[in-house]
Amino acid sequence: MDPEKVKLHPSWKKLLKEEFQKPYFDQLSAFLHEEKLKGSTVYPPGKLIFNAFELTPPEELKVVILGQDPYHNPGEAMGLCFSVPKEIRIPPSLKNVYKEINRDLGLDIPTHGDLTKWARQGVLLLNAMLTVEHKKAGSHSKIGWQAFTDAVIATISKEMEGIVFLLWGNFAKSKKVLIDTNRHHVLEAAHPSPLARNAFNNCKHFSKTNDFLRNNGKNEIDWSIDS
């Protein structure tokens, strides 16, 4: 997996150049190559592994939403956390995100789960692991992706100012240690999964994010998703 050959915005390639040159990334690439040779099915497709970094260049970054693992069923993962292609059924966690946006901002609940519109506005939809094996949740949690995405978070924290980080659930909250809270705005909530029993409800993260952006002279995010 040569970073020069994957779809990755040039600004990210420059910013993360040192990470791509570290031994763990070579090992990660070798692992994925071996999985391909073995005939294992890995999601998302190779061209979409770095989709979040392709759609949201660092110079346009305003918000980071942290996820954990790509979806592991056919056709679902598209390289953006919580997002699925338009023809795929909306996952339960994303349904709850949409319900909260409806409560918080009064926007209509979308009919599909493609969050590309958010990504194009400066919302980095970052999973901690960028790949997963078919129907094996967490299967790539120890191959090196967390070293890479932790470095991404730390780099954003160090090199940028005034980014809003949305940390949903205990896993995402554990990444707060990588963020300089004097330079950035961190909002924490329960995970939107139904397993959290509505604890995500009324967190108002979407209006709070826009309040922060507006108060810091930045354009707000249009959280609506066109049907």
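Since the model is a prediction, treat every value here as computed from it, not as a measurement.

## Looking at the packing of aromatic side chains
Tallying each qualifying case throughout the model produces 18 aromatic pairs. On the basis of an interplanar angle of 45° and a centroid distance of 6.4 Å, the ring pair of Trp118 and Phe206 is categorised as tilted. Of this pair, Trp118 sits in helix α6 (residues 116-119) while Phe206 is found in helix α9 (residues 205-215), placing the two residues 88 residues apart along the sequence. We note that Trp118, like Phe206, is buried. With a centroid separation of 5.0 Å and an interplanar angle of 75°, the aromatic rings of Phe206 and Trp223 are classed as edge-to-face. In this pair, Phe206 sits in helix α9 while Trp223 sits in the segment after α9, placing the two residues 17 residues apart along the sequence. Looking at Trp223, the relative accessible area reads 2%, which means it is buried. By way of ring pairs, the aromatic residues Trp12, Phe20, Tyr24, Phe25, Phe50, Phe53, Trp145 and Phe148 are connected into one cluster.

## Quick word on the packing of helix α3 (residues 23-38) against helix α7 (residues 145-159)
At a minimum axis distance of 9 Å, the contact between α3 and α7 shows a crossing angle of 130°. Here α7 runs oblique to α3, going by the angle between their axes. The two elements α3 and α7 meet at a crossing, and its hand is left-handed. Side by side, α3 and α7 meet where Tyr24, Phe25, Leu28 and Leu32 of the first sit next to Trp145, Ala147 and Phe148 of the second. The class makeup of the residues in the contact of α3 with α7 is seven nonpolar, no polar and no charged.

## Focus on the pattern of salt bridges
Following the criterion strictly, the structure yields 11 salt bridges and no others. Linking Glu19 and Lys22 is a salt bridge whose minimum nitrogen-to-oxygen distance equals 2.8 Å. In this structure, the salt-bridge partner of Lys117 is Asp222, at a minimum N-O distance of 3.0 Å. Pair noted here: Lys117 is in helix α6 and Asp222 is in the segment after α9, with a separation of 105 residues, a long-range link.

## What to know about the packing of helix α5 (residues 92-105) against α9
Put simply, α5 and α9 touch, their axes get as near as 8 Å, and they point 60° apart. Comparing their axes, α9 and α5 come out oblique. In this structure, α5 contributes Val97, Glu100, Ile101, Asp104 and Leu105 to the contact, and α9 contributes His205, Phe206 and Ser207. Within the contact of α5 with α9, the residues separate by chemical class into four nonpolar, two polar and two charged.

## Quick word on the sheet that holds strand β3 (residues 123-127)
By way of backbone hydrogen bonds, the strands of a sheet pair with one another, either parallel or antiparallel. Across the sheet, four strands lie side by side as β3-β2-β5-β6; this open sheet has parallel pairing. The open sheet has two edge strands with one neighbour each: β3 and β6 (185-189). On average, each strand axis in the sheet is tilted by 20° relative to the strand beside it, whichever way the strands run. Across five bridges, the pairing between strand β5 (residues 164-168) and β6 is parallel. What sits directly across from Trp168, in β6, is Ala189. Against the sheet, α7 engages β2 (63-67), β3 and β5, with an angle of about 150° to β3. Against the sheet, α9 engages β2, β5 and β6, with an angle of about 165° to β5.

## A word on the pairing of β5
For β5, the tally of buried residues reaches five of five residues, placing the bulk of the element in the interior. Every second residue of β5 is oriented toward a common face, with Val164, Leu166 and Trp168 on one face and Phe165 and Leu167 on the other, all of them buried. Relative to β5, β2 is paired through three bridges, and the arrangement is parallel. Considered in β5, the bridge of Ile65 is made with Leu166.

Conventions adopted
- Residues numbered from 1 in each chain as written.
- Predicted model: local features only at pLDDT ≥ 70, side-chain atom pairs only at ≥ 80, totals over all residues.
- Heavy atoms only, no water.
- Phe/Tyr/Trp six-rings, centres within 6.5 Å; stacked < 30°, edge-to-face > 60°.
- Helix = DSSP H or I, 4+ residues; strand = E, 2+ residues; numbered from the N terminus.
- Buried < 20%, exposed > 50% of the residue type's maximum accessible area, 1.4 Å probe, protein only.
- Axes fitted to C-alpha atoms, helices over the stretch in contact; angles between N-to-C directions.
- Parallel < 35°, antiparallel > 145°, perpendicular 65-115°, else oblique.
- Left-handed = near helix turned anticlockwise from the far one by under 90°.
- Contact = heavy atoms within 4.5 Å.
- Nonpolar A, V, L, I, M, F, W, Y, C, P; charged D, E, K, R; others polar.
- Salt bridge = Lys/Arg side-chain N within 4 Å of Asp/Glu carboxyl O.
- Pairing = 2+ DSSP bridges.

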